[in-house]
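As a plain string of letters, each chain reads:
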Amino acid sequence: YNAASYKTEENAVVEDLLKKLPGVEVDSEGKITVGGKEIKKILVDGKEFFSDDPKVASKNLPVNMIEKLQVLDQKSDMAKLTGFEDGEEQTVINLTIKPGMKKGTVGNVAAGIGHDVESGGDLRYEITGMVNQMNNSDRYTLMFSGNNTNNMGASDLGGSRFGGMRGMRRGGSAGINTSEMLAFNLNKDFSKKLTLNGDINYNGSDRDVKRVTNRTTNYMNRRDGSMQSLIERTASSVNDVSDNLGINMRLEWKPNENNTFIFRPNFSYNKSSSRENQDFLSMNGLNGDTISKGPSHSYNEGSGYGFGGTFEYAHQFNKAGRVFSVSLTGNYRDSYSQETYSWERLNYEDGIYMSDRDTSVVQRSENDDDTKSFRFYTSYVEPLGRNYFLQFAYRISRSDTKSINSTYDLEMGGTGAIGRDTATLNPSQSRSTIRRSIEQRFSLNFKSMREKYNYTIGLNIDPTVSTNKTVQPYISDQTTVITEFLPESFHDRLPNISGDSLISNIERNVVNFSPNINFNYNFGERTNLRVDYSGTTTQPTANQLRDYTDYSNPQNLVTGNPNLDPGYQNELSVRFDKFIPATQLFYNFRLRGNLSMNDVGSKVFIDSTGVRNTTYANINGNWDINFLGMFNTPLKNKKFSISNFLNLSYRNQRGYTNDVLNTMRTFSLRDRVRLNYRSDLFDVGTSVSLTYSNSINEIQPDKNQRTYDMDVMGYTTWYLPHKFSIGTDITWGGKRGYSDGFNKDETIWNASVTKQLFSKKVGTGSLRLKIYDILQDRKSISRSVGTDYIQDTESNILQSFFMCSFIYRFNIFPSGSSAKKEDFEPSREQRYRERGGGGGGRYRDRSF
């Protein structure tokens, strides 16, 4: 894509450009998808730019640096060296920098301050900056940001790193977030043979979330065969705080044309805390009688770190196509968390309160987990003549996970902020588990290369050996200890229990066979058909393998299953793309299917008090299929363009509820039509979208539910004389078919005015006033569907506020630089408008 063909507001960043490109989707969280495939990485002039997170580039790099934007399928380093796919291909975006900006320093600084529109609201602020120093291929970039407007600027790494800890990161992506980010990226070519690329980034966040959830579970009573319905309503408030540091490097050395060495070290550190208060209510869905209710409170804090690296070597023999390669990867990760939680349940029978059945728990849990992983891969490619190649490959990976859980029953004592509490070890909930899995893959692949097409066929043999040991702590008089701690922060670690009594030692041996097929036909430079099939072994998580019961959620008790077998995923995809740059005609489709064997599914038992007891089992019959199609084309008047995005999916999901195997089938359709008009004077566009979902319950077809989500959106940007521009967008959305209280409409209206204050060769400055959600009507509602439940959730969200910002963009270039004046100053058309001129008919149309 030619970046200049798509008008954006003054001071726009790459994300603003992406939202205008045909075939590109950017969701509310900043996740980028192109043709239905998620973008995991953004490159700058072919070099990695903050490899962990594409949002760093999309939310910070200014559009006026970008000459072209390329979307391409990037092979892994090993696949590039061998010429054979290895299943690690990624769809990436490559940004090419304008030639005049490749030698010198460019950057921007923006600061804004505002306030919530509602009376008594909070102060809002944003500050962001970037300095990019380039000397041809050498590049150094420093970025920073801080705000309380829910703009992370980079992903919250702690969200994924702490995902396995009980109770951590329950805030998710909703709520109101204060964050800060500091990041540094470098790319250095020491010579044509030695290059270094890497980044160091820090981000922190403090998020407050309020959430209301309505969950309906339909199941069969296994005693009398009657159909039952359970309704659970919860109201919760969560505060999450996290700090995350990541370091990633890539060093490549090519001493000669035949040998290549690549080394990728990495390091990460994360610290996080989470506090949650919740009130729950469960009712009989048939008559509305209360079954139980009560409050729960929890506080969790933890930290973790990890380090590792990958070393790769390839040797290309003098005979063309003959390649030997080897890859070695090792990683270590350690995490520790502790949680104190309490809950109380008031029980009812036929809607009548039964005080003698009340239950309460106050516990403290410690989790200490560490994982060591190792992977070795080697490949040999032999050319057979006439562009035929044969590959022999072998891969072995080993993962060792040790998880120590110590759970204590607490009896609170003392008064004031600091209390003396008795903590008694609960042996039935304290376990140590040691998990080891060894996966191997023997591969034989044949590849044919032709001018228009290539194909690969192969066979994989995947033997897997896994062992799972469970140990219980030795019970003695030493299991009762006295500890002092601050209720707000638990820094004193109780003794970890490594265990003395072996409970189980389970070993699993599984062998899977799968073909490997890849076909690629290039009709032209930008017209392509691709077919892929692959099979992958999947391992159960550590939590799914634990044999003790997790009581941290009083309404959902979870017990692992150490007898789980590894699963196997079969995936087939067909994709066709066509793009004509001269006319901007673009269309593609993608068909993807997935069949799971030995998939890990849930087994749920709901007792008479409404408590859900969940464990896990291997289940066959889970599959899904998805069709995605889109097109974009200009109309007869090329200033108009129309696009359509269509997504069809069907999911077959199986699971047990009260020993009855149920199947939930979900069909969903999403279609969005967008019409745009671009001229020298203004841009205007509108879109209409409809999302339909139908969830079919096999054992209770009368409980099937259909939902409709409708959105109508319009936007415009006016480029006015005297260096003014005005932008506004308005979206109406409606939801139907959800639970009572969740069928709501919303109208979101945003508007901004920008004034360019000055424009000089060394920099430009502008002032912008923007108001978000003018009507104060923004909402956050979502639905999730399982084998036995349908759940609707509404969360708090940042609503109406205004922001006044000053933006300064600067550029410093050495004398004799090839920087072009038009790279930094307004175009002829813009200068004409600034003098009060008319529309763009006076000049050649350069929209495409």
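The structure we're discussing is the one just above.
Residues numbered from 1 in each chain as written. Predicted model: local features only at pLDDT ≥ 70, side-chain atom pairs only at ≥ 80, totals over all residues. Heavy atoms only, no water.

A. Local environment of the environment of Asn148. Assignment of secondary structure puts Asn148 in the loop between strand 10 (138-147) and helix 4 (157-161). By relative accessible area, which is 8% here, Asn148 ends up buried. Between the C-alpha atoms of Asn148 and Ser205, which are 57 residues apart in sequence, the distance is 9.3 Å. Excluding anything up to four places from it in sequence, Asn148 contacts Leu123, Arg124, Tyr125, Asn177, Thr178 and Leu798. At 2.9 Å, the side chain of Asn148 and the backbone nitrogen of Tyr125 are in polar contact. (Helix = DSSP H or I, 4+ residues; strand = E, 2+ residues; numbered from the N terminus. Buried < 20%, exposed > 50% of the residue type's maximum accessible area, 1.4 Å probe, protein only. Contact = heavy atoms within 4.5 Å. Polar contact = N/O pair within 3.5 Å; in protein donor to acceptor, adjacent residues only side chain to side chain.)

B. Structural view of the pattern of salt bridges. If you walk through the whole model with that rule in mind, you get 28 salt bridges. Put simply, Asp532 and Arg530 hold a salt bridge, and the shortest N to O gap is 2.7 Å. Looking at Arg530, the relative accessible area reads 11%, which means it is buried. Put simply, Arg575 and Asp577 hold a salt bridge, and the shortest N to O gap is 3.3 Å. Like Arg575, the residue Asp577 is buried in the burial classification. In this structure, a network of salt bridges that share partners links the residues Lys41, Glu48, Asp77, Arg250, Glu252 and Arg264. (Salt bridge = Lys/Arg side-chain N within 4 Å of Asp/Glu carboxyl O.)

C. Local environment of unusual backbone geometry. Its identity as a non-glycine residue notwithstanding, Asp45 has a phi of 50°, on the positive side. Tracing the backbone shows Asp45 in the loop between strand 4 (41-44) and strand 5 (47-48). The backbone of Gln776 sits at a positive phi, close to 55°, despite the residue not being glycine. Within the secondary structure, Gln776 is located in the loop between strand 39 (763-772) and strand 40 (780-785).

D. Local environment of the sheet that holds strand 3 (residues 37-38). Ordered in space as 1-2-3, the 3 strands form an open sheet in which the pairing is antiparallel. Strand pairing shows two members of the sheet lacking a second neighbour, strand 1 (24-26) and strand 3, which therefore form its edges. By the bridge criterion, 3 bridges tie strand 1 to strand 2 (residues 32-34) in an arrangement that is antiparallel. By the bridge assignment for strand 2, Val26 is matched with Ile32. (Pairing = 2+ DSSP bridges.)

E. How the structure looks around the packing of aromatic side chains. One pass over the full model with this rule turns up 29 aromatic pairs. When the ring of Phe446 is compared with that of Tyr455, the centres are 6.4 Å apart and the planes differ by 50°; the resulting orientation is tilted. We classify Tyr455 as partly exposed; its relative accessible area is 26%. Summarising the aromatic geometry, the rings of Phe589 and Phe627 are spaced 6.4 Å apart at their centres and angled 20° between planes, so their arrangement reads as stacked. Highlighted residues: Phe589 in strand 29 (residues 585-597) and Phe627 in strand 32 (residues 623-634), separated in sequence by 38 residues. Owing to a relative accessible area of 31%, Phe589 belongs among the partly exposed residues under this scheme. In this arrangement the basic side chain of Lys447 is found over the ring face of Phe84, its NZ or CZ atom lying 5.6 Å from the centre. Over the ring of Tyr738 we find Arg783, and its NZ or CZ is 4.9 Å from the ring centre. (Phe/Tyr/Trp six-rings, centres within 6.5 Å; stacked < 30°, edge-to-face > 60°. Lys NZ or Arg CZ within 6 Å of the ring centre and 35° of its normal.)

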